[in-house]
Amino acid sequence: MDAVKVGLLGLGTVGGGTVNVLTRNAEEIARRAGRGIRITHAAARDYDADSITGLDQIEITDDAFDVVNNPEVEIVIELIGGYSPAKELVLQAIENGKHVITANKALIALHGNEIFAAAQAKGVTVAFEAAVAGGIPIIKAMREGLAANRIEWAVGIINGTGNFILSEMQDKGRDFDDVLAEAQALGYAEADPTFDVEGIDAAHKLTIIGAIAFGIPLQFDKTYTEGISKIGQQDVAYAGEFGYRIKHLGIARRNGNGVEMRVHPTLIPERRLIANVDGVMNAVLVMGDAVGPTLYYGAGAGAEPTASAVVADAVDVVRALTTDPENRVPHLAFQPNELSDIPILSIDEIETAYYLRLQVADKSGVMATIAGMLAESGISIEAIKQKEPTEKGASVSLVLLTHRVLERQMNQAIEQIESLESVEGEVTRIRIEQLES
Ligand code: HSE
């Protein structure tokens, strides 16, 4: 089956990231969607051609309406941002019977009710996962994964730039303007950074979260909005003295007969997981009556994290266009005839670092012999500690951390070490994973 043809509006940070992700992962995406997804047309006035792969396959115009009105295009991805002409373009795409994917939180928060009504009338999809918390699939989680629950509240760090500023002020004592300039250079900040600093961007996202949480229309104008510009270095420090951290939170909560919708700097106890979400990262904590609290964490901005959500929406739309409607989402995520026979590795073939604990005789040369055996097996030691014996003449614990090595090599070394007369019993081995990005 031919690839689905997509028209992309905007080739900026997220637009470029979307082209790159769709190009790099084309094969895997087609295996999931049941059909290829190809950007055939794009509209942009200004773009960095060197940072985008696959542009030669795309017909580029500087008039976005050309793309929206092109009969070949089945899905329009709107990544221009802002209210206008994004709204006119999206409504025109819907009018033309095209499915729409957007990362535009301002557009959805302010005009979503009108856009969704138009889409329903035309029988097309409007998907907007990337509009809230970048790469975190929070809309899918709340709308589908938590569908059994009455959602009591949802609280989020939903502006990466603001969180980056507060984190740097707290951890490094850096100056507000200096950190904001860095966030802008990294491509996290909005075109108008007051949207980040004054909480408007977070309020757009909270408006969407609240609507999905409680089943209410989008009501941006009723969301209380306060930014972080009045937070000083001393507030961050004093809050720390009381065991709190200051985070810029969006809070949507049921309260008696109404709901609270508010964005403002907030002190939260530093022992809470969400208090430790730092830098440009986002997190949303959702309280459902059945499931209790669930926490969603990840990159809330940036080219490829946001593209991740945009492309996931494209896969959803294409699945709906292409596959058996009763099995829209394949049981194992990939289409049944696209499952791969990539082998599962045996534990011998995995590579990790290790913590080893041995009980050894407290005499000279033992540590050197063990270190020598590890070296012979190609295992490099990162740290070593010998504990004090509990009584004179008793054996001692020897604890080692190693660098990464194949499990098979470690098995050989442990077998040798356990055969030493100076080693009591078995070596305790615990694998170490740094879980770094
Ligand atoms: N300016 C936004 C942020 C970008 O910093 O989170 C993602 O919406």
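Parameters and conventions
Residues numbered from 1 in each chain as written. Predicted model: local features only at pLDDT ≥ 70, side-chain atom pairs only at ≥ 80, totals over all residues. Heavy atoms only, no water. Helix = DSSP H or I, 4+ residues; strand = E, 2+ residues; numbered from the N terminus. Polar contact = N/O pair within 3.5 Å; in protein donor to acceptor, adjacent residues only side chain to side chain. Contact = heavy atoms within 4.5 Å. Domains from an automatic or database assignment. Salt bridge = Lys/Arg side-chain N within 4 Å of Asp/Glu carboxyl O. Buried < 20%, exposed > 50% of the residue type's maximum accessible area, 1.4 Å probe, protein only. Near = heavy atom within 4 Å. Areas by Shrake-Rupley, 256 points an atom, 1.4 Å probe, with all protein chains shown as cover. Nonpolar A, V, L, I, M, F, W, Y, C, P; charged D, E, K, R; others polar. Core = buried A, V, L, I, M, F, W, Y, C linked by side-chain atoms within 4.5 Å. Axes fitted to C-alpha atoms, helices over the stretch in contact; angles between N-to-C directions. Parallel < 35°, antiparallel > 145°, perpendicular 65-115°, else oblique. Left-handed = near helix turned anticlockwise from the far one by under 90°.

### Observations regarding the side chain of D201
You can see D201 is positioned in helix α10 (residues 200–214). In terms of polar contacts, D201 uses its side chain to reach the side chain of K105, at 3.3 Å. Beyond its immediate stretch of four places on either side in the chain, D201 contacts K105, I158, N159, E190, F195 and D196.

### Some remarks on the domain arrangement of the protein
Per the domain assignment, the segments making up the protein are domain 1 (4–135 + 303–338), domain 2 (139–299) and domain 3 (351–432). Taking only C-alpha atoms, the centre of domain 2 and the centre of domain 3 are 47 Å apart.

### Examining the pattern of salt bridges
In the structure shown here, the tally under the stated rule is 24 salt bridges. Between K140 and D316 there is a salt bridge, with the nearest N and O atoms lying 2.8 Å from each other. Of this pair, K140 sits in helix α6 (residues 138–145) while D316 sits in helix α12 (residues 303–322), placing them 176 residues apart in sequence. On the accessibility criterion, D316 (16% relative accessible area) is buried.

### Observations regarding the environment of I136
Mapping I136 onto the fold places it in the loop between β6 (126–127) and α6. Taking the C-alpha atoms as reference, I136 lies 6.6 Å from Y297; in sequence the two are 161 residues apart. Leave out the neighbours within four places in its chain, and I136 touches E129, N282, A283, Y296, Y297, G298 and A299.

### Focus on the site of the ligand
Lining the immediate environment of the ligand, one finds K105, N159, G160, T161, Y188, A189, E190, D196, D201, K205, G300 and A301. One of the side-chain nitrogen or oxygen atoms of K205 is found 2.8 Å away from an oxygen atom of the ligand. Calculation on the ligand without its partners gives an accessible area of 260 Å², and the protein chains cover 92% of this total. Among the secondary structure elements, those contributing two or more residues to the shell around the ligand are α7 (160–172) and α10. Classifying every residue of the shell around the ligand gives three nonpolar, four polar and five charged.

### Some points on the nonpolar core
The biggest cluster of nonpolar side chains holds 32 residues, and the ones touching the most others in it are L8, L11, I37, I75, I77, I101 and V310. If you list the elements that add at least two residues to this core, you get β1 (4–9), α1 (13–24), α2 (26–33), β2 (37–43), β4 (75–78) and α12. Top contributing element to this core by residue count: α12, with eight residues. Setting aside anything within four residues of it in sequence, one finds I101 in contact with I75, V76, I77, E78, A127, V310, D313, A314 and V317. In this structure, V132, M142, A203 and L206 belong to the second largest nonpolar core, which totals 29 residues.

### Regarding the packing of α6 against α10
Viewed as axis vectors pointing N to C, α6 and α10 meet at an angle of 15°, and their least axial separation amounts to 9 Å. Classified by the angle between their axes, α6 and α10 sit roughly parallel to one another. α10 is crossed by α6, and the crossing has left-handed handedness. Mapping the contact onto sequence places I139, M142 and R143 in α6 and I208, I209, I212 and A213 in α10.

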